[in-house]
Amino acid sequence: MQSEAEWLTRKSRIDTRLKQKGWKLVPFSSGLDLNQLDKVAVEELPTANGPADYGLLVGGRLLGIVEAKKVTVNPQNVLEQAKRYARGVFGAVGEWNGFRVPFLYASNGTIIWHLDTRPKKLVSRQLSDFHTPDALEARFSHDTGLGRAYLLDTPTEQIGRLRPYQRDCILAVEQAILGGKHDMMVAMATGTGKTYLTVAQVYRLLESKLVRRILFLVDRKALAAQAVREFNAFNTPKGNKFTQEYEVYSQRF
């Protein structure tokens with residue numbers, strides 16, 4: 001693995017992962033009409049700053065760029081190269097912070113780093129895999145601005161019986177999310193209403209439309225039963241039960 005050439009990493013690892021996610025690989029040629037391509041990863045896509053290893057097109061729109069390196073290279077730093085290509089693409093679908101592509105990836109075949117170029121604060125993160133074409137299109141179509149505005153403008157007082165420290169906790173989590181953070185830990189003592197607080201937080205996030213699905217995962221049956229009861233009992237600001245406005249599924253793994 002240590003002596004694996006970059007071209008071999010692309011063919012044996014990155015190509016395979018892209019295909020598994022539903023991307024069709026096509027080499028670039030001068031006669032290729034990019035506007036007609038759907039769910040296609042174009043290899044060696046020309047830009048004003050050199051060819052990008054892969055350009056991800058959905059419905060004729062260039063939504064992503066993937067920069068590939070050999071296994072021994074840390075792909076996090078390679079995002080800078082993807083950024084350079086993103087500034088020089090042709091036929092852009094928009095422009096955000098000087099970038100003309102919304103989603104960037106860098107991978108060495110085993111690790112994938114990702115950057116959404118649209119927020120004001122750019123925060124890269126590691127992914128377990130590439131997005132599918134449908135997921136990429138859904139992310140591009142999702143207007144996060146309205147969701148962010150909801151969280152900033154909607155007071156927590158709309159949820160009835162929050163204790164002051166629960167309110168502060170919810171606001172702190174939301175500020176972290178709006179700041180681009182993906183990993184947070186909330187530590188609270190026994191009896192402080194952790195489950196109720198979480199249900200309230202879940203409700204606000206779903207109402208904002210900033211997220212569409214939330215996984216609530218616990219490691220004991222008793223905690224799962226408690227969570228189901230709390231979701232069923234939660235009264236929304238609209239005078240309904242949580243489960244009357246959103247579907248809640250419980251599953252044992």
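Residues numbered from 1 in each chain as written. Predicted model: local features only at pLDDT ≥ 70, side-chain atom pairs only at ≥ 80, totals over all residues. Heavy atoms only, no water.

**Regarding the overall build of the chain**
Within the chain, the regular secondary structure consists of 8 helices and 7 strands. If you line up the chain on its principal axes, its C-alpha atoms span 65 × 40 × 30 Å. Taking all 253 residues of the chain together, the buried fraction comes to 41%. In the chain, of all internal contacts separated by at least 6 residues, the share reaching a separation of at least 24 is 53%. For the chain, the computed accessible surface area is about 14100 Å², with 51% contributed by carbon and sulfur atoms. If the 36 positive side-chain charges of the chain are averaged to one point and the 26 negative ones to another, these points end up 5 Å apart. (Helix = DSSP H or I, 4+ residues; strand = E, 2+ residues; numbered from the N terminus. Buried < 20%, exposed > 50% of the residue type's maximum accessible area, 1.4 Å probe, protein only. Contact = heavy atoms within 4.5 Å. Areas by Shrake-Rupley, 256 points an atom, 1.4 Å probe, with all protein chains shown as cover. Lys, Arg positive; Asp, Glu negative; His and termini not counted. Charge placed at Lys NZ, Arg CZ, Asp CG, Glu CD.)

**Comments concerning the nonpolar core**
Formed by 21 residues in total, the largest nonpolar core has its most connected members in Val42, Leu62, Ile65, Leu79, Ala86, Val101 and Leu104. Residue assignment for this core shows that the elements contributing at least two residues are β2 (40-45), β3 (52-58), β4 (61-68), α2 (75-87), β5 (103-107) and β6 (112-116). Per element, the largest residue contribution to this core is 5 residues, and it comes from α2. Not counting the four nearest positions on each side in its chain, Leu62 is found in contact with Leu45, Gly55, Leu56, Leu57, Val89, Val93, Val101 and Pro102. In this structure, Val58, Val66, Ala68 and Trp96 belong to the second largest nonpolar core, which totals 19 residues. (Core = buried A, V, L, I, M, F, W, Y, C linked by side-chain atoms within 4.5 Å.)

**As for the pairing of β5**
Counted residue by residue, β5 has 5 buried out of 5 residues, so it is predominantly covered. Taken together, β4, α2 and β5 form a β-α-β motif whose crossover is right-handed. Across 5 bridges, the pairing between β5 and β6 is antiparallel. If you follow Tyr105 over to β6, its bridge partner there is His114. (Right-handed = clockwise from strand over helix to strand, strands pointing away. Pairing = 2+ DSSP bridges.)

**A short note on the packing of helix α4 (residues 144-153) against helix α6 (residues 194-208)**
Interhelical geometry of α4 versus α6 gives an angle of 135 degrees and a closest axis separation of 8 Å. The orientation of α4 relative to α6 falls into the category oblique. Only Arg204, Leu205, Glu207 and Ser208 of α6 make contact with α4, whose side of the interface consists of Leu146, Gly147, Tyr150 and Leu151. Across the contact of α4 with α6, the residue classes tally to 4 nonpolar, 2 polar and 2 charged. (Axes fitted to C-alpha atoms, helices over the stretch in contact; angles between N-to-C directions. Parallel < 35°, antiparallel > 145°, perpendicular 65-115°, else oblique. Nonpolar A, V, L, I, M, F, W, Y, C, P; charged D, E, K, R; others polar.)

**Notes on the packing of α6 against helix α7 (residues 221-233)**
Contact geometry of α6 with α7 gives a least axis separation of 10 Å together with a crossing angle of 55 degrees. As summarised for this structure, α6 and α7 are arranged oblique, according to the angle between their axes. The chirality of how α6 crosses α7 is right-handed. Only Gln226, Ala227, Glu230 and Phe231 of α7 make contact with α6, whose side of the interface consists of Thr195, Tyr196, Val199 and Val202. Its residues placed into classes, the contact of α6 with α7 shows 5 nonpolar, 2 polar and 1 charged. (Left-handed = near helix turned anticlockwise from the far one by under 90°.)

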